[in-house]
Amino acid sequence: MSKKALITGITGQDGSYLAELLLSKGYEVHGIVRRVSSFNRGRLDAIYADPLLHEKRLFLHYADLADISSLGRLLTQVRPDEVYNLASQSHVRVSFDIPEYTMDVTATGALRLLEAIRASGLTPRFYQASSSEMFGKVQQVPQTEVTPFHPRSPYAVAKVCAHWATVNYRESYGLHASNGILFNHESPRRGEAFVTRKITLAVAHIQAGLQDKVTLGNLDAKRDWGYAKEYVEAMWLMLQQPEPDDYVIATGETHSVREFLEEAFGIAGLDWQKHVEFDPRYLRPAEVDLLIGDGGKAEKQLRWKPKTTFKQLVKLMVEADIELLKAHREGRIKVVA
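Predicted model only: the values in this text are computed from it and were never measured.

Caption draft 1: The arrangement of empty space enclosed by the protein in detail. Within the structure shown, the criterion is met by 1 cavity of 30 Å³ or more. Taken as a whole, the largest cavity holds about 40 Å³ of empty space. Lining the largest cavity, in full, are Pro188, Arg197, Ala320, Asp321, Leu324, Lys334 and Val336. A total of 3 residues in the lining of the largest cavity trace back to one element, the largest contributor, which is helix α12 (residues 310-329). When grouped by side-chain class, the residues that make up the lining of the largest cavity number 4 nonpolar, no polar and 3 charged.

Here it is in C-alpha cells:
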C-alpha cells in the first residue's frame, strides 16, 4: 500500500514541487486548500498535465490552519503517514502590515496542526517549514542549527514560535517532528511579489518593450539563494530518518540583490542601472542584512546538497519568465516547470 502525505500550502511554490516529488515516489498526496474567490492552483497544472504523476493520486481538501476542527476532521479522514506544514503568510515585508494575521496563520496555525495531530491519536511524521529569517540580526556567520535566533519581522517571530512548538511536541509527546530551516529558495514558481521573481518578470517585460522600470528597495541585502525544486527533496529526506531532528538547508553562498539584478538583466543583454528605481516603501522597518547557511549537517546525515548554482538559478528563472510572457502573448497555455 502506498504512503499517504498531507501537505498544507500545496498550491504554493514549495507545495507544488513537493507534491510532484511525492507522487513520483508513489505516494497518495492530499493537499489543503483554503476557500477563496480566485482559483489559485496554477502551480499544480504540471501534475494534472502528466498522467504518470497524477493517476488519481492527488486529492485537494478544503480546510484552514485557522480552524482546528477542519484540521482534525481531515487528519481522521486521510490518516496520513507524513504531514508537511508549508502554509503561512510568507511575505516578510507584508508581515509588518498584517502582523496579527501573520502570527495567527504562521505561528498559531502550526500549533493548531500539531495539537490536532496529538488529539487524533495518529502518529504521522511531521515536517515544519522553518526559515532562515529566524536568524535575523545574525549572531554568527554562517548560520547553523545551533545559531541563536534574533527575528527582525513579525513573519520571523511567527516562524520562531512555530519552530519551537514543533520541538516542544517532539519532546513532550514523542512526535517524529522535524524542522527544516530553509534559506531563500527560488524558482519560476516563486510568487510574483518576491524580489527575485519581481526582477525576472521585469526583465521579460522590459525586453519585450512592455515596461521600462522596476521599483525595488534594499539592493544591498545579501541572501543564500537555492533552487526550490531541490530543497523539497531535503524536506522528504528529513521524514525518512530514524529519528527526528532540525536541519539547515542552504547553499553556503551569499549574493546581494544587486548581484541578482546584474545577472538577470545581463542574461537579456540589458543594463539594470537604466531600469531600476529605488522606493523606500519597500524597505523593512528592521532589515536583515546578511544570511548564509551552513548545510554541513544535512549533507552528512541526509546525504543532501544543492546542485544548481546561483548563476544557473537566475538563468532558468529569467528564461522561464521570457517564455511565459511569450506564451501569454501568443495565446498559448504555458505550464510552469
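Caption draft 2: Focus on the packing of helix α8 (residues 195-207) against α12. Their axes nearest at 8 Å, the elements α8 and α12 cross at an angle of 50°. Here α8 lies oblique to α12, going by the angle between them. Regarding α8 and α12, the two cross each other, and that crossing is right-handed. Residues Thr196, Arg197, Thr200, Leu201, Val203, Ala204, His205 and Gln207 of α8 touch α12, and the partners they reach there are Met317, Val318, Asp321, Ile322, Leu324 and Leu325. Class assignment for the residues of the contact of α8 with α12 results in 8 nonpolar, 4 polar and 2 charged.

Caption draft 3: Structural context of the layout of surface pockets. Empty space within the second largest pocket amounts to approximately 380 Å³. Forming the walls of the second largest pocket are 19 residues, and the residues nearest its centre are Arg43, Glu192, Arg197, Leu324 and Val336. Broken down by secondary-structure element, the contributors of at least two residues to the lining of the second largest pocket are α8 and α12. Examining the composition of the lining of the second largest pocket, we find that 4 residues originate from one element, α12, more than from any other. Along the lines of polarity and charge, the residues of the lining of the second largest pocket split into 6 nonpolar, 5 polar and 8 charged.

Caption draft 4: Region of interest: the pairing of strand β2 (residues 28-33). Counting buried positions along β2 gives 5 out of 6 residues, so the element sits mostly inside the fold. Bridge count between strand β1 (residues 4-8) and β2: 5 bridges; the pairing is parallel. Within β2, the position partnered with Leu6 by the bridge is His30.

Parameters and conventions
- Residues numbered from 1 in each chain as written.
- Predicted model: local features only at pLDDT ≥ 70, side-chain atom pairs only at ≥ 80, totals over all residues.
- Heavy atoms only, no water.
- 1 Å grid on protein atoms, 1.4 Å probe; cavity = no way out; pocket = protein on both sides within 12 Å on 5 of 7 lines; lining within 4 Å.
- Points joined across faces, edges and corners; volume = space filled by probe spheres on them.
- Helix = DSSP H or I, 4+ residues; strand = E, 2+ residues; numbered from the N terminus.
- Nonpolar A, V, L, I, M, F, W, Y, C, P; charged D, E, K, R; others polar.
- Axes fitted to C-alpha atoms, helices over the stretch in contact; angles between N-to-C directions.
- Parallel < 35°, antiparallel > 145°, perpendicular 65-115°, else oblique.
- Left-handed = near helix turned anticlockwise from the far one by under 90°.
- Contact = heavy atoms within 4.5 Å.
- Buried < 20%, exposed > 50% of the residue type's maximum accessible area, 1.4 Å probe, protein only.
- Pairing = 2+ DSSP bridges.

All quantities given are derived from atomic positions and should not be read as evidence of function.
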